Amino acid sequence: MKTGDDPKGFSLIVFNRNGAKVFETSNVEVGWNGMIGGNSAPTGTYVYVLQATTSEGVLVRKQGTLLLIR
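Keep in mind the model is a prediction, meaning the values are calculated, not measured.

**Describing the pairing of strand β6 (residues 59–68)**
Two faces belong to every sheet, and in a regular strand the side chains alternate between them.
In step 1: Here 10 bridges tie strand β5 (residues 44–53) to β6, and the two strands are oriented antiparallel to one another. Each residue of the ladder has a partner; that of alanine 52, found in β6, is valine 60.
In step 2: The loop that links β5 with its antiparallel partner β6 comprises five residues; one of these, glycine 57, has a positive phi angle of about 85°.

In structure tokens, the structure reads:
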């Protein structure tokens, strides 16, 4: 996805180390703020899965890990 692209579709899901979903959004302007149910998420490793369809109809899939440090 190129910078400035307005995607037709978007999904971002974050999972904890046990595989439980802790965050999900379909709004490209909303990211995870490190909170789970209104409380600060524990320090640790989380997995994200991002899927977007560009304005040109190209499907982009990305996944990886992030380390939350408090």
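**Comments concerning the confidence of the model for the chain**
In step 1: Mean pLDDT for the chain: 93, with 94% of residues reaching 70 or above.
In step 2: Mean pLDDT values for the elements of the chain range from 96 in strand β3 (residues 35–36) up to 98 in strand β2 (residues 21–25).

**Some words on the packing of aromatic side chains**
How two aromatic rings sit relative to each other is set out by the distance from centre to centre and by the angle between their planes.
In step 1: Using the criterion set out here, one finds one aromatic pair in the structure.
In step 2: Summarising the aromatic geometry, the rings of tryptophan 32 and tyrosine 46 are spaced 5.0 Å apart at their centres and angled 55° between planes, so their arrangement reads as tilted. Note that tryptophan 32 is positioned in the loop between β2 and β3 and tyrosine 46 in strand β5, a separation of 14 residues in sequence. The burial state of tryptophan 32 is the same as that of tyrosine 46; both residues are buried.

Rules behind the numbers
Residues numbered from 1 in each chain as written. Predicted model: local features only at pLDDT ≥ 70, side-chain atom pairs only at ≥ 80, totals over all residues. Heavy atoms only, no water. Pairing = 2+ DSSP bridges. Helix = DSSP H or I, 4+ residues; strand = E, 2+ residues; numbered from the N terminus. pLDDT = per-residue confidence, 0-100. Phe/Tyr/Trp six-rings, centres within 6.5 Å; stacked < 30°, edge-to-face > 60°. Buried < 20%, exposed > 50% of the residue type's maximum accessible area, 1.4 Å probe, protein only.

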